[in-house]
Amino acid sequence: MPACVPIRNDRSSRSSRPPRASGIKRPHSPPPPPNNRRFRISGADLSASLTVFLIAVPMSLGLAVAMDAPLAAGLVSAVIGGIVAGLLGGTPLQVSGPSAGLTVVTAELIQIYGWRTTCAITIGAGLLQILLGSLRAARSALAVSPAIVHGTLAGIGVAIALAQLHIVLGGSPHSSVLDNIRSLPALWGQLNPAAPFIGALTLTLLVLWPRLPGRIGSMLGRIPAALAAVVIATAVAAVATPAIARVDLPSWRSHALPELPQGPVAALATAMFTVMLVASLESLLAAVAVDKLTADRTAAQHKDGNTPPVPVKRSDLDRELRAQGVANALAGFCGGLPVSGGAVRSSANVRAGATSRASTVLHGVWVLLAAVMLVTALEWIPLAALAALVMVVGIQMVNYAHIRNVHRHREFLVYGATITGVITVGVLEGVAIGIVVAVGVALHRLARTRITVSEQDGKHLVTVRGQLTFLAVPRLSRLLGRLPQGGDAIVELDGFFMDHAAYEAIQEWCTAQTALGGRIVFTGRSGGRIAEPSSAAHSCCRPWTPWRNHHCHDKAGHAGPPSVPGAEVTAGSPAVPSGASAVRQGAHRLLSGLSSFQRTTAPLVREELARLAAEGQQPSQLFITCADSRLVTSMITASGPGDLFTVRNVGNLVPPPDTESTTSSDDSVAAAIEYAVDVLEVESITICGHSGCGAMQALLSAAPDTEAPRTPLWRWLRHGLPSLERMRSRHHSWARISGRMPTDAVEQLCLTNVVQQLEHLRAHDSVARRLAAGTLQLHGMYFHVGEAQAYLLTEGASSGTGPDEVFARVAPGPDPVTEPGVEPGTLLGTQAGGAFSTGTGVRPGTSSCPEALRATPDTVVGA
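None of the values given here were measured: they were computed from a predicted structure. The residue numbering used here restarts from 1 in each chain and proceeds along that chain's sequence as written. In keeping with the predicted nature of the model, local features appear solely for residues at pLDDT of at least 70, side-chain atom pairs appear and are counted solely at 80 or more, and the whole-chain, interface and lining totals rest on all residues. Side-chain measures here rest on the full set of heavy atoms in the structure, leaving out hydrogens and waters.

**A few points about unusual backbone geometry**
Here is step 1 of the chain: Within the chain, glutamate 681 stands out as a residue other than glycine whose phi angle is a positive 55°.
Here is step 2 of the chain: Strands here are runs of E lasting at least two residues and helices are runs of H or I lasting at least four, both read from the DSSP assignment and numbered beginning at the N terminus. One can find glutamate 681 in the loop between helix H24 (668–679) and strand S9 (684–690).
Here is step 3 of the chain: Of note, alanine 788 is a non-glycine position whose phi angle comes to about 50°, a positive value.
Here is step 4 of the chain: With respect to the helices and strands, alanine 788 occurs in the loop between strand S11 (777–784) and strand S12 (789–793).
Here is step 5 of the chain: Here the term buried applies to any residue with accessible area under 20% of the maximum for its type, exposed to any over 50%, and partly exposed to those in between, with areas from a 1.4 Å probe on protein chains only. Assessed through its relative accessible area of 58%, alanine 788 is described here as exposed.

**Re the sheet that holds strand S8 (residues 644–649)**
Here is step 1 of the chain: DSSP calls a pair of strands paired once it identifies at least 2 bridges connecting them. Spatial strand order, S8-S7-S9-S11-S12-S13-S10: seven strands in an open sheet with mixed pairing. The sheet is open, and its two edges are formed by S8 and strand S10 (736–737), each paired on a single side.
Here is step 2 of the chain: In the sheet, strand S7 (residues 621–626) pairs with S9 via five bridges, with the strands oriented parallel. The residue bridging threonine 625 from the neighbouring strand is cysteine 688, located in S9.
Here is step 3 of the chain: Whether two residues are in contact is decided by their heavy atoms, any of which lying within 4.5 Å being enough. All axes here are fitted lines through C-alpha atoms, helices being fitted over the stretch that makes contact, and every angle between N-to-C directions spans 0 to 180 degrees. The sheet strands contacting H24 are S7, S8 and S9, and the helix crosses S8 at an angle near 170°.

**Concerning the environment of alanine 331**
Here is step 1 of the chain: Along the chain, alanine 331 falls in helix H12 (residues 317–333).
Here is step 2 of the chain: Look at alanine 331 and you get buried, because its relative accessible area is 0%.
Here is step 3 of the chain: A C-alpha to C-alpha distance of 9.8 Å links alanine 331 and glycine 97, two positions 234 residues apart in sequence.
Here is step 4 of the chain: Leave out the neighbours within four places in its chain, and alanine 331 touches Ser77, Ile80, Gly336, Leu337 and Val339.

**Considerations on the confidence of the model for the protein chain**
Here is step 1 of the chain: By definition, pLDDT measures how confident the predictor is in each residue, and it falls between 0 and 100. When pLDDT is averaged along the protein chain, the result is 76, and 77% of the positions lie at 70 or above.
Here is step 2 of the chain: Considering only residues more than four positions removed or in separate chains, one finds that residues 1–37, a stretch of pLDDT under 50, has 60 contacts.
Here is step 3 of the chain: Of the regions scoring below 50 in pLDDT, residues 850–863 engages in 50 contacts with residues more than four places distant in sequence or in other chains.

In structure tokens form, the structure reads like this:
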């Protein structure tokens, strides 16, 4: 059983390269001196902040108009959202401000409770957000079905668009969406052409401005469409319709601040919860979207060769939720609108080239200066232009891509029910309706199980589509009872869940059929056999967990060996007293592992091993690799018994045939090579190195003295000295991985050692004869333990015909041996095919029913 060795991940930069002159560099360099400048402003952040500011001002005023709130409240929220949430948030590039998703909710609260009580509700919602963020509940909020979230935002967008349409047409919106729909016909008969004209002009500019053709269009396209539309509409309104309704910013001295909430306690608590829920979901979804936009931008820049690859740090959603709570509490206290992260402002910030939170904070500073110094200019803006701008924002919240994605996942019923509930009843009620419908759909899918029986080649095929629960047991038992007793059958299970009642029903039928001489095989939908059992119900872990550094067999404490159901351990097994030595603990861990093998794996591989014992071994590969306990050769090559003839030693070294001497001869590796090539007649030989090799680290830190060998270890490591000299030499190209340089000197030596040992391998007479005859292939391989990623040396380098020493990454997907379209010179696993098929574990064979039914797709046999 492989030992568990903690892995130390090397997070040093991949772009570093050891100097050629010395050839030696310590793997871990000292960290750079700390930088005391915690808030730096770059030119990109300054430019991006101005772009977002030009979008945020008209949008903040427009949302205040849509909510029927004081116009100054929108500017207050934009300032607090930019500065406070920008400084404290967990998503540096997210821009917060007045919440578009809360437009309908806030408008209703203002109408029912008044503005000052609505501010108090905003404070309460912010405190709830701080509490949830402190409880680390942000990730749990994303567990809500995306169909419900997008349906809620779409319903709010429809309500916003309908309300703002009234203002564009020169009327006043109602508090209810249905009332807005019913009053539209009457509004057409009372049209005043001024407001519709300005609104239509604004809409046209918003749509066409980003699509202006030619060089002039590309220059003007740098100006945000929202700013251009509002400025042009304001200028046209000043000339053509001077009497149109405009923005009226009250004096800051008369700005209304919150008061103690007045009203029923239950209704106020519901209002606070609704504001908290919608604002949190909108902010968290925007944060996830910002992460994706940032990653896409970084990938595009790296692809163009403008920047080196830089890992994108994911957002701290709990910190972001706490920051939104602080911003909302402060906004309510200062008489502002509810705050949330905005997708429109945030995406504009990312696309404008922002690199840090400085752009978000600066945008808030610019809004603050504008609110104080540009009051006269802002009061020239027509209300119809702001209403048209907000109406476009509402329409954009009904995202066609989201609808298509929801429909593809068969959740359109949930999406449609949520939209309908938000429009007809309210936001919180709509979310509740969506949750109820989502639960109903999930239960329907869980209970819907299709069971068919057919006959193929004299065997009955029982196909089960869906999840097996107690609801399907009567029909399942009836169909299984119709099969002939003692006959062979294949049971194809296509679900991922089986409850106890269904398990018992299948188990009883399987036992009865087997007792009468029948052979029952359980498979998945792809036809792969389900044969690897998980641990028994009373065991603490699955069989594959010991090599995951889990030490599950230690959970029983130090009182004795763990209780393993079914293991053939006699009652007289020695107990381990408290405080026993590590040697005794290791012995009992070995005993527990052997017992687990005899219980779970041995029955499944016994038939295959019996065949190999009778026929003899016929491996297709000689696999030479390091003795490091973290390398599980059968796992990384997807191979099994009889496939690999494996030689493991410290450093995966191959002594050349001319190094024999009377004092330090070692023929074990040469004997294995000769036996594999001449007797077993393997088709290929692979030398596999790995990351973090202790032998390579030892060679780098203190190379052994070849004149006076000190210990058996140093006498063995002398066979790695040619690899060290090759790395230092200026006459050999540097080995690299998929176009990048090695991370540090250790990785450089690990790669170079594979290339050098291949040269030693070619010097052996048996290998040289087979290579000349064209009946043997050599392959170099490098396995990065921390990444669980295999890399293969290109064919030209491994055969000595090319100067490049490049290890190509083995990508997941089709088998490069059997599938077309794979680059030449790569090899995955064994050419003859592994004995273990992916996901199932063993070759086809007979297994008992209980173990077959306990199979899980993530188990591994023989590791």
